[in-house]
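Examination of the molecular architecture
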Amino acid sequence: QIHRPRRLQRQMRIRALYQTYLALAQAYYYSEQIPQAIEAWQKAAPLSKDGETYLNLARVLWQEGRIPEAKVAARAALDKGLKKPDDAKKIIALP
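Keep in mind that this is a model prediction, so the values were computed, not measured. (Residues numbered from 1 in each chain as written. Predicted model: local features only at pLDDT ≥ 70, side-chain atom pairs only at ≥ 80, totals over all residues. Heavy atoms only, no water.)

What follows concerns the side chain of lysine 71. Structurally, the position occupied by lysine 71 is in helix α4 (residues 67-80). Despite its burial, lysine 71 pairs with no opposite charge; the closest candidate is glutamate 69, at 13 Å N-O. Ignoring sequence-local partners within four residues, the contact set of lysine 71 consists of Ile91, Ile92, Leu94 and Pro95. (Helix = DSSP H or I, 4+ residues; strand = E, 2+ residues; numbered from the N terminus. Buried < 20%, exposed > 50% of the residue type's maximum accessible area, 1.4 Å probe, protein only. Lys, Arg positive; Asp, Glu negative; His and termini not counted. Salt bridge = Lys/Arg side-chain N within 4 Å of Asp/Glu carboxyl O. Contact = heavy atoms within 4.5 Å.)

Here it is as structure tokens:
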């Protein structure tokens, strides 16, 4: 058995948990179970290495008319880092 440092083991567990929540979010979303999808994205987003998951959460919240929550998620996406921050900035700028 390979003995990995505890930090690496923890990172691997976090990554696996992130992938599980992300898969659940996508499955719920595409089966039109939006509240469950939002809940799964809310769990996945803090575990992500960048802000893309927060941005997906912000988009779905926006589609559901939950603008204040969408803005919070969009700000979190920007804070965590995005390749293309324009969508997050548009959501933040919503009235």
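For glutamate 32, which is not glycine, the phi torsion reads 60 degrees and is therefore positive. Inspection of the secondary structure puts glutamate 32 in the loop between α1 (6-30) and α2 (34-44).

A general trend in soluble globular proteins is that nonpolar side chains are found buried together. Within the largest apolar cluster, 24 residues are counted, with the highest numbers of intra-cluster contacts made by Ile38, Trp41, Tyr54, Leu55, Leu57, Leu61 and Ile91. Of all the secondary-structure elements, those providing two or more residues to this core are α1, α2, α3 (52-63), α4 and α5 (86-92). In contact with leucine 57, other than residues within four places in its own chain, are Ile38, Trp41, Gln42 and Ala73. (Core = buried A, V, L, I, M, F, W, Y, C linked by side-chain atoms within 4.5 Å.)

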